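Summary of structural features
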Amino acid sequence: RDIRQIKETANRAAGLTRQLLAFSRRQTLRPQVLQLSEALSDLQILLRRVVGEKNELEVRHGRDLWFIKADITQFEQVIINLVVNARDAMPATGGRVQIRTRNVLMKECATVADETLPSADYVLIEVEDNGGGIPPEVREKIFEPFFTTKEIGQGLGLGLAISTSIARDFGGSLSATNVSGGGAQFTLTLVRAEVTSATPS
């Protein structure tokens, strides 16, 4: 039992170290042009394990999605962080996590994207749950480093802060809203990548 506890503590320490390195931007970025539906398809098996047996995962893609440019490892980290966050918001009886993707034209971006982002074409990834939503007193703090509503030992409070930092690194943003009927929606906004026949994949 003591050895198992030592191993679990070491694993938590290793995880904290990785997240701190990511948050301090000490990791090397390798941005590449990504086809969004393919990137999410490759991740779906893992995501279904993340949500657990009691919860349902639904993925819906918009038509003719544009390409994005991002580090695939860090992009996957953001999506996993958002799905974990959605899973943890679910009632004990289970719920549903939806991942939706769509294009947003430049003329429409002001209505859906962060107001600090420049006018451009964007691709949105929305992760929505049907949990209890985000309390008003929490909403202003959820993207702050080390802020967490989870019990001690269950969360470090770095997932959303790191995800926000990664989104900004790739010229995008991460925002959160409550949805009518209960639940929360996190919107990852990433700028459209200009793709030519000479662009490496």
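Everything numeric in this text was worked out from a predicted model, so none of it was measured.

In this section: the packing of helix 2 (residues 36-51) against helix 3 (residues 72-88). Remark: helix 2 packs on helix 3, axes separated minimally by 10 Å, with the N-to-C direction vectors making an angle of 40 degrees. With respect to each other, helix 2 and helix 3 are oriented oblique. Considering how the two elements wind past one another, helix 2 and helix 3 form a crossing that is right-handed. Between helix 2 and helix 3, the residues in contact are Leu 36, Ala 39, Leu 40, Leu 43, Leu 46, Leu 47, Val 50 and Val 51 and Ile 72, Phe 75, Glu 76, Ile 79, Ile 80, Val 83, Val 84 and Arg 87, respectively. Class assignment of the residues belonging to the contact of helix 2 with helix 3 gives a composition of 14 nonpolar, no polar and 2 charged.

This part covers the environment of Gly 62. Considering the arrangement of structural elements, one finds Gly 62 in the loop between strand 2 (56-61) and strand 3 (67-71). For Gly 62, a relative accessible area of 25% corresponds to the partly exposed category. Spatially, the C-alpha atom of Gly 62 lies 9.1 Å from that of Ser 37, the residues being 25 residues apart in sequence.

What counts and how
- Residues numbered from 1 in each chain as written.
- Predicted model: local features only at pLDDT ≥ 70, side-chain atom pairs only at ≥ 80, totals over all residues.
- Heavy atoms only, no water.
- Axes fitted to C-alpha atoms, helices over the stretch in contact; angles between N-to-C directions.
- Helix = DSSP H or I, 4+ residues; strand = E, 2+ residues; numbered from the N terminus.
- Parallel < 35°, antiparallel > 145°, perpendicular 65-115°, else oblique.
- Left-handed = near helix turned anticlockwise from the far one by under 90°.
- Contact = heavy atoms within 4.5 Å.
- Nonpolar A, V, L, I, M, F, W, Y, C, P; charged D, E, K, R; others polar.
- Buried < 20%, exposed > 50% of the residue type's maximum accessible area, 1.4 Å probe, protein only.

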